[in-house]
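The chain contents come next:
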Amino acid sequence: MSNMGERIKQLRIKKGITQEELGNVIGVQKSAIRKYESGLVQNIKRSSIKKMADYFGVSPSYLLGWDDDSRPAPDEDVIDLSKLKNVRRINPRRFPLLGKIACGQPILAVEEHDSYVIADRDIDADFCVVAKGDSMIGARIYDGDIIFIKQMPTVENGEIAAVVIDDEVTLKRVFYNKESETVSLIPENLKYDPLVYHNSQLDQIHCLGKAVYFMGPVR
């Protein structure tokens, strides 16, 4: 009895099926399976070997007796991500998409309560907005990018934040001078002037949250 025949028989018995049932799986007669197992037939069609290997969950080379590894052969079109050091698996979640945020002059933020963005759960954000305009291109934030915001009432000087001005929202670097009671919203594009608020004007603005992550097309 050939090694291939022995393996076919062992796998069939382990599976708990008859020669006739295995024949039905691969589309041959019971007599053909009997010949395979007895070693009377060595030149088995490649398609039949592939069907049996898939059915038993082994590699074709194992079935043929070429190796002792009974694991299925890897799909050539599938990359084993666990072996790539610079790739990690993400655990996705839905982030509410609140609307558009100005990267230029402040604009009214239109909330889109039924819209979501799917991204990595590890992003420490509460919601996201769509950037509009070009005032933050120096920070590599472009029109149409998705900005993830961690909701908080204040940020550290120099951090990028979503700031509400009356009923409008803008994305800028925030600087606060306690002595002069002045808040400066600084763009990352020289063609735009800073927005400066002081004293009673501070009542018009408040921090919506800190920009913690952005997502856009590869540029």
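The coordinates are above.
### Looking at the overall build of the protein
- Counting its regular elements, the protein contains five helices and 10 strands.
- Expressed as a percentage of its 219 residues, the buried residues of the protein come to 36%.
- Within the protein, contacts between residues separated by at least 24 positions form 57% of all contacts whose residues are at least 6 apart in sequence.
- Accessible area for the protein stands at about 14,000 Å²; split by element, carbon and sulfur atoms hold 49% of it.

### Examining unusual backbone geometry
- One non-glycine residue, Arg 140, lies in the positive phi region at around 65°.
- Positionally, Arg 140 belongs in the loop between strand E4 (127-132) and strand E5 (146-151).
- Taking the relative accessible area as the measure of exposure, Arg 140 reaches 58% and is therefore exposed.

### So, the packing of helix H2 (residues 19-26) against helix H4 (residues 46-56)
- At a minimum axis distance of 9 Å, the contact between H2 and H4 shows a crossing angle of 115°. The pairing of H2 with H4 is recorded here as roughly perpendicular in orientation. H4 is crossed by H2, and the crossing has right-handed handedness. Here H2 contributes Leu 22, Val 25 and Ile 26 to the contact with H4, which in turn contributes Ser 48, Lys 51, Met 52, Tyr 55 and Phe 56.
- The residue makeup of the contact of H2 with H4, split by class, is six nonpolar, one polar and one charged.

### Here's the deal with the nonpolar core
- Within the largest apolar cluster, 17 residues are counted, with the highest numbers of intra-cluster contacts made by Ile 8, Leu 22, Tyr 36, Ile 44, Met 52, Val 58 and Leu 63.
- Elements with a contribution of two residues or more to this core: helix H1 (3-15), H2, helix H3 (30-38), H4 and helix H5 (60-63).
- Setting aside residues up to four positions removed in sequence, Tyr 36 forms contacts with Gly 5, Ile 8, Ile 26, Val 28, Val 41, Ile 44, Ser 48 and Met 52.
- Counting 14 residues, the second-largest nonpolar core is a separate cluster that includes Phe 127, Val 129, Ile 147 and Ala 162.

### Here's the deal with the pattern of salt bridges
- Using the criterion set out here, one finds six salt bridges in the structure.
- With its nearest N and O atoms 2.5 Å apart, the salt bridge here joins Glu 37 to Arg 12. Of this pair, Glu 37 sits in helix H3 while Arg 12 sits in helix H1, and the two are 25 residues apart along the sequence. Arg 12 shares its class with Glu 37; the two are buried.
- With its nearest N and O atoms 3.0 Å apart, the salt bridge here joins Lys 191 to Asp 134. Residue Lys 191 is located in the loop between strand E8 (182-186) and strand E9 (195-198), and its partner Asp 134 is located in the loop between E4 and E5; the two are separated by 57 residues in the primary sequence.
- Judged by its relative accessible area of 58%, Lys 191 is exposed.
- Exposure remark for Asp 134: the relative accessible area of 23% places this residue in the partly exposed category.

### Looking at the side chain of Asp 145
- Turning to its location among the elements, Asp 145 is positioned in the loop between E4 and E5.
- Engagement of the side chain of Asp 145 in a polar contact is seen with the backbone nitrogen of Tyr 142, the distance being 2.9 Å.

Cut-offs applied
- Residues numbered from 1 in each chain as written.
- Predicted model: local features only at pLDDT ≥ 70, side-chain atom pairs only at ≥ 80, totals over all residues.
- Heavy atoms only, no water.
- Helix = DSSP H or I, 4+ residues; strand = E, 2+ residues; numbered from the N terminus.
- Buried < 20%, exposed > 50% of the residue type's maximum accessible area, 1.4 Å probe, protein only.
- Contact = heavy atoms within 4.5 Å.
- Areas by Shrake-Rupley, 256 points an atom, 1.4 Å probe, with all protein chains shown as cover.
- Axes fitted to C-alpha atoms, helices over the stretch in contact; angles between N-to-C directions.
- Parallel < 35°, antiparallel > 145°, perpendicular 65-115°, else oblique.
- Left-handed = near helix turned anticlockwise from the far one by under 90°.
- Nonpolar A, V, L, I, M, F, W, Y, C, P; charged D, E, K, R; others polar.
- Core = buried A, V, L, I, M, F, W, Y, C linked by side-chain atoms within 4.5 Å.
- Salt bridge = Lys/Arg side-chain N within 4 Å of Asp/Glu carboxyl O.
- Polar contact = N/O pair within 3.5 Å; in protein donor to acceptor, adjacent residues only side chain to side chain.

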